[in-house]
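Chain and residue survey
So you can see what is in the structure, the chains are spelled out below.
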Amino acid sequence: MLKGALSHLDGAAKYTKVHPEVLEKLQYPKEVMSARLFVRMDDGSRRSFRAWRCRYDDTRGPTKGGIRFHPEATQDEVVTLAFWMTFKCAVAGVPFGGGKGAIRVDPRKLSKTELERLSRAYVQAFAQMIGPERDIPAPDVYTNAMIMGWMADEYSSLVDYPCPGVITGKPIALGGSKGRDDATSRGGFYVLKHLQKELGLDNGSERRAVVQGYGNAGYHFACLLHEDGWKVVGISDSRGGVYDPEGLDPKAVKACKEEKGEVSKYAEGRDNVEVVDNDALLCKSCELLVPAALEDQITESIAKCLDARVILELANGPVTADGNAVLERRGITVVPDILANAGGVTVSYFEWVQNRQGFYWTESEVRQRLKQIIQEEAMHVWSLSKQKEISLRTAAYVHGLERLSEAIEAHGTQTYFHC
Ligand code: NAD
């Protein structure tokens, strides 16, 4: 995975002047730690879980990145996600480097008390690595505000003072920021709205969307589209999806998922709603396809069959390298993850700032600041792509690389020292 991600760095380096030492530095993670977490289960038995944390690059500030609980998590995935975070923070212009963490576990198979013990065990294992000035985790796949609250509490116990700034995405009562829960989707939505004319998706065109993944990112994004007059024709989760050419009601689909455990049950008793598997859903005709689940969903074969005009990557790395090549050949525009989902880390940055100041903002202040940052960076990426005649993905990497290179070169390179 990391090799694939690094190919974007090489691709971007062709379009901007950077010192070879910058590229060399960005080839490798600064720090990767793995641990085995031993946790007492409710039945008295003890189980162990593999866990990782990576700080990829901290030239621009403390590292920042989510913690994922997933049965297929790997070290390679964690390092790759931390690499993407390094570029995402640079694209958003927030003063952070990139980090990431994971536990290999299916959290749906744990009780709530087991989940709490596991979350606290993660902080105990990585306490030397994380910290408000060093590395600041956040939620990711299958982790949420409550888990962040437990983790912040565990860290505060270890250092023996309340330390909310060690982690973001916390419950508001524990120092979380207003507007963090839907920040990732809202950021993606601001990108979409700001570039809608350029993308050919303004109000005059037909606007049908398919959303893959119905967790934090996918659900809020579907709601924002629906409120804006889009028809959300398809929605899926890990167990399958539903499709209605007339448009689904995102809140009703969510209520069904909460009640019955899966999105596809929404079709029960509704003749107009079709149950579809995940691959079939990705290939339904729409103007906007929004992968909001996991990496590597849009493979070469899916890219050949999908019928969307624009893909907005709310998930990290949802398109494989082969898939990306097919999409480029087919002229399908991809709004890349490091821009499209940067709203999450931007509001995480706001949360960290508020924790350090001890002064909290209103929801409208959060949204206004988010909008300003995201619109500016989105337009910059769009202009770069036009100016250099490159894809939005390459343009986003060029933008991130320019910021990273400025910071790395400010420490001096051979050009400075060898004089
Ligand atoms: P989440 O755990 O809240 O939701 C994940 C959703 O994806 C669930 O509904 C799950 O059922 C679904 N899913 C899993 N495998 C699937 C599959 N094969 N097909 C369809 N659906 C599938 O996670 P999230 O926070 O919404 O994160 C989703 C993606 O967005 C991830 O790639 C994550 O890294 C990225 N992201 C999240 C944030 C954030 O703030 N939450 C920020 C930036 C990026």
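Coordinates for the structure precede this section.
For clarity, every value in this text was computed on a predicted model and none was experimentally measured.

Observations regarding the nonpolar core
Within the largest apolar cluster, 91 residues are counted, with the highest numbers of intra-cluster contacts made by Phe 83, Leu 192, Leu 225 and Leu 288. Looking at this core element by element, the count peaks at twelve residues for helix α3 (residues 75–92). Ala 35, Leu 37, Met 129 and Tyr 155 belong to the second-largest nonpolar core, a separate cluster that totals 28 residues.

Topic: the packing of helix α15 (residues 363–388) against helix α16 (residues 392–409)
Remark: α15 packs on α16, axes separated minimally by 8 Å, with the N-to-C direction vectors making an angle of 110°. Considering their axes alone, α15 and α16 lie roughly perpendicular with respect to each other. In this structure, α15 crosses over α16, and the sense of that crossing is right-handed. Contacts between α15 and α16 pair Glu 377, His 380, Val 381, Trp 382, Leu 384, Ser 385 and Lys 388 from the former with Leu 392, Ala 395, Ala 396, Val 398, His 399 and Arg 403 from the latter. Grouping the amino acids of the contact of α15 with α16 by side-chain chemistry returns seven nonpolar, three polar and three charged.

A look at a negative patch on the surface
Taken together, the side chains of Glu 21, Glu 24, Glu 406 and Glu 409 define an acidic patch exposed on the protein surface. For the negative patch, the secondary-structure elements that each account for two or more residues are α2 (20–25) and α16. The residue Glu 409 is located in helix α16 in this model.

Considerations on the pairing of strand β7 (residues 231–237)
Within β7, six of the seven residues are buried, leaving the element largely enclosed by the surrounding structure. Pairing of strand β6 (residues 208–212) with β7 involves five bridges; the strand directions are parallel. Considered in β7, the bridge of Val 211 is made with Ile 235. Handedness of the β6-helix α8 (residues 216–227)-β7 crossover: right-handed. Pairing of β7 with strand β8 (residues 240–243), which is carried by four bridges, proceeds in the antiparallel orientation. Bridge pairing links Ile 235 to Val 242 in β8.

Observations concerning the pattern of salt bridges
Scanning all chains against the criterion turns up 33 salt bridges. Between Asp 106 and Arg 108 there is a salt bridge, and its shortest N-O distance comes to 3.2 Å. Exposure remark for Asp 106: the relative accessible area of 16% places this residue in the buried category. Under the relative-accessibility criterion, Arg 108 is labelled partly exposed at 46%. Measuring nitrogen to oxygen at the nearest pair gives 3.4 Å for the salt bridge that ties Glu 274 to Lys 284. With Glu 274 in strand β9 (residues 274–276) and Lys 284 in the loop between α10 (278–282) and β10 (288–291), the pair connects residues that are ten residues apart, well separated along the chain. The exposure class assigned to Glu 274 is partly exposed, which follows from its relative accessible area of 37%. According to the relative accessible area criterion, Lys 284 is buried, its value standing at 18%.

Definitions and limits used
- Here the residue numbers are simple positions, counted from 1 along each chain's written sequence.
- pLDDT decides what is reported in this predicted model: residues at 70 or higher carry local features, side-chain atom pairs at 80 or more are listed and counted, and totals for whole chains, interfaces and linings draw on all residues regardless.
- Side-chain numbers come from the whole structure's heavy atoms, not from hydrogens or water.
- In this text, buried Ala, Val, Leu, Ile, Met, Phe, Trp, Tyr and Cys residues form a nonpolar core when linked through side-chain atoms within 4.5 Å.
- Each residue gets one of three labels from its accessible area relative to the maximum for its type: buried under 20%, exposed over 50%, partly exposed in between, using a 1.4 Å probe on protein chains only.
- A helix here means a DSSP run of H or I that spans at least four residues, while a strand means a run of E at least two residues long, and both kinds are numbered starting from the N terminus.
- Angles here are taken between N-to-C directions and fall from 0 to 180 degrees, while the axes themselves are lines fitted to C-alpha atoms, restricted in helices to the stretch in contact.
- Geometric relationships in this document are graded by angle, where less than 35 degrees denotes roughly parallel, more than 145 denotes roughly antiparallel, 65 to 115 denotes roughly perpendicular, and other angles denote oblique.
- Handedness of a crossing is defined here by the sense of rotation of the near helix relative to the far one, left-handed for an anticlockwise turn of less than a right angle and right-handed for a clockwise turn.
- In what follows, a contact means two residues having at least one pair of non-hydrogen atoms within 4.5 Å.
- Classes in brief: Ala, Val, Leu, Ile, Met, Phe, Trp, Tyr, Cys and Pro nonpolar; Asp, Glu, Lys and Arg charged; the others, Gly included, polar.
- In this analysis, a patch consists of residues with relative accessible area above 30% that form no salt bridge, clustered at 9 Å for like charges and at 5 Å for the nonpolar side chains Val, Leu, Ile, Met, Phe, Trp and Tyr.
- Here the accessible surface of atoms and residues is derived via Shrake-Rupley with a 1.4 Å probe, and residues count as covered only by protein chains that are part of the display.
- For this analysis, a salt bridge means a side-chain nitrogen from Lys or Arg found within 4 Å of a carboxyl oxygen belonging to Asp or Glu.
- Asp and Glu are treated as the negative residues and Lys and Arg as the positive ones, with His and the ends of the chain left uncounted.
- To locate a charge, the coordinates of NZ of Lys, CZ of Arg, CG of Asp or CD of Glu are taken.
- For two strands to be treated as a pair, DSSP must find at least two bridges joining them.
- Every crossover in which the path from the first strand over the helix to the second runs clockwise, viewed with the strands pointing away from the viewer, is termed right-handed.

That's the geometry; what it means functionally is another story.
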